[in-house]
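# Close look at the chain arrangement
Listed below, chain by chain, are the residues.
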Amino acid sequence: DAKTTQPPSMDCAEGRAANLPCNHSTISGNEYVYWYRQIHSQGPQYIIHGLKNNETNEMASLIITEDRKSSTLILPHATLRDTAVYYCIVRVMDTGNQFYFGTGTSLTVIP
Amino acid sequence: DAGITQSPRHKVTETGTPVTLRCHQTENHRYMYWYRQDPGHGLRLIHYSYGVKDTDKGEVSDGYSVSRSKTEDFLLTLESATSSQTSVYFCAARAVAGVRNEQFFGPGTRLTVL
């Protein structure tokens, strides 16, 4: 699976959009981009995933560049409960093996 | 959370003692995983299972063994615990089919080896 690069930390004002970048320049054509988050010592939680089209669900939006070498997770109206570590992962959909979580981005939402 | 529980949730043990952590799931997921999480390293995969009695190593498997005799249970064993195995351990499960192909995580087990 391709490696990802994320900034170690970010701040965001409450109520504003949080834009979390991820670089995955070695991504292969059949690898999906997944985002998970981990809120203070809990198990990680799935947020969203995509292949090449932009995706939106009730939690977030995922914007993938046309060359697929980077993506951005957008939390449209950040709340204090969104303070967490966010992991960007790329992997092939149908394999059973591991997700490489890396160290993620620690997002702090500031009141 | 796909009905994933871990036991015990906290454990303190001494160097050299055997330790077994249990992961139990109620959704009949095929794949199960054990991760450890340490400061500065994120989550790292220890072992995973792709079916009953079918397991494989992850990136940090040394000092750990696993067993899966039933679909719902995945055991992680430290044969002789060391202080370097002090960590938070997370279990996860994933179904074969499904649009999201996501992993569901348990609440974690905090293990301290003195």
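See the structure printed just above.
These notes cover the structure that comes with them. This is a predicted model, so every value here is computed, not measured. (Residues numbered from 1 in each chain as written. Chains lettered and ligands numbered in written order. Predicted model: local features only at pLDDT ≥ 70, side-chain atom pairs only at ≥ 80, totals over all residues. Heavy atoms only, no water.)

Turning our attention to the nonpolar core. Residues and elements named next belong to chain A. W35, L73, Y86 and L107 are the most contacted members of the largest nonpolar core, which has 21 residues in total. When residues of this core are traced back to their parent elements, those giving at least two are β2 (18-23), β3 (31-38), β4 (45-50), β6 (61-64), β7 (70-75), β8 (84-92) and β9 (105-110). In terms of residues, this core owes the most to one element, β8, which gives four residues. Among all residues touching L73, those that are not within four sequence positions of it are A18, N19, L20, W35, I47, I48, A60, S61 and Y86. (Core = buried A, V, L, I, M, F, W, Y, C linked by side-chain atoms within 4.5 Å. Buried < 20%, exposed > 50% of the residue type's maximum accessible area, 1.4 Å probe, protein only. Helix = DSSP H or I, 4+ residues; strand = E, 2+ residues; numbered from the N terminus. Contact = heavy atoms within 4.5 Å.)

With 21 residues of chain A at the contact, the number on the chain B side is 22 residues. Note on chain A versus chain B: buried area summed over both sides is about 1600 Å², and carbon and sulfur give 53% of it. Linking chain A with chain B are zero salt bridges. At the boundary of chain A with chain B, the tally comes to three residue pairs in polar contact (both at pLDDT 80 or more). Among the elements of the structure, β3, β4 and β8 of chain A are those that each provide at least two residues to the side of chain A that touches chain B. Of all the elements, β3 of chain A adds the most residues to the side of chain A that touches chain B, at three residues. Among the residues making up the side of chain A that touches chain B, the classes are represented as nine nonpolar, eleven polar and one charged. (Buried area = accessible area lost by both parts, 1.4 Å probe. Salt bridge = Lys/Arg side-chain N within 4 Å of Asp/Glu carboxyl O. Polar contact = N/O pair within 3.5 Å; in protein donor to acceptor, adjacent residues only side chain to side chain. Nonpolar A, V, L, I, M, F, W, Y, C, P; charged D, E, K, R; others polar.)

Before going further, it helps to examine the pairing of β6 of chain A. Residue and element names in this part refer to chain A. Where strand β5 (residues 55-56) lies against β6, two bridges are found, and the strand directions are antiparallel. Looking at β6, one finds that E55 is bridged to L62. Joining the antiparallel neighbours β5 and β6 is a turn of four residues. Direction of pairing for β6 relative to β7: antiparallel, over a ladder of four bridges. Across the sheet, the residue bridging to I64 is S71, located in β7. Between β6 and β7, which follow one another and run antiparallel, lie five residues, and R68 among them has a positive phi close to 65°. (Pairing = 2+ DSSP bridges.)

A few words now on the state of the cysteines. Disulfides are covalent bonds that link the sulfur atoms of two cysteine residues. This structure, assessed with the given rule, holds two disulfides over all chains. Linked covalently through their sulfurs, C22 of chain A and C88 of chain A form a disulfide whose S-S length is 2.1 Å. Disulfide C22 of chain A to C88 of chain A: torsion about the S-S bond roughly -80°, handedness left-handed. On the criterion of sequence distance, the pair formed by C22 of chain A in strand β2 and C88 of chain A in strand β8 is long-range, its members being 66 residues apart. Overall, C22 of chain A belongs to the buried group, its relative accessible area being 3%. By relative accessible area, which is 0% here, C88 of chain A ends up buried. Disulfide partner of C23 of chain B: C91 of chain B, at an S-S distance of 1.8 Å. Here C23 of chain B and C91 of chain B share a disulfide; its torsion about the S-S bond, -70°, makes the bridge left-handed. (Disulfide = S-S within 2.5 Å.)

Residues and elements named next belong to chain B. On inspection of all chains with the given rule, the structure shows five salt bridges over all chains. We note a salt bridge from R22 to D73, for which the minimum N-O separation is 3.1 Å. Here the residue R22 occupies a position in strand β3 (residues 19-25), and D73 occupies one in strand β8 (residues 73-78), the gap between them amounting to 51 residues. Residue classification places R22 among the partly exposed positions, given a relative accessible area of 33%. For D73, the salt bridge identified is with K70, shortest N-O distance 3.3 Å.

What follows covers the sheet that holds β6 of chain A. Spatially, four strands are ordered β2-β7-β6-β5 (chain A) in an open sheet, and the strand pairing comes out antiparallel. The two strands at the open ends of the sheet, each matched to only one other strand, are β2 and β5 of chain A.

Another point: the side chain of S61 of chain B. Residue and element names in this part refer to chain B. The topology assignment puts S61 in the loop between β6 (54-57) and β7 (65-70). Exposure remark for S61: the relative accessible area of 10% places this residue in the buried category. The contact partners of S61, leaving out residues within four places of it in the chain, are I46 and H47.

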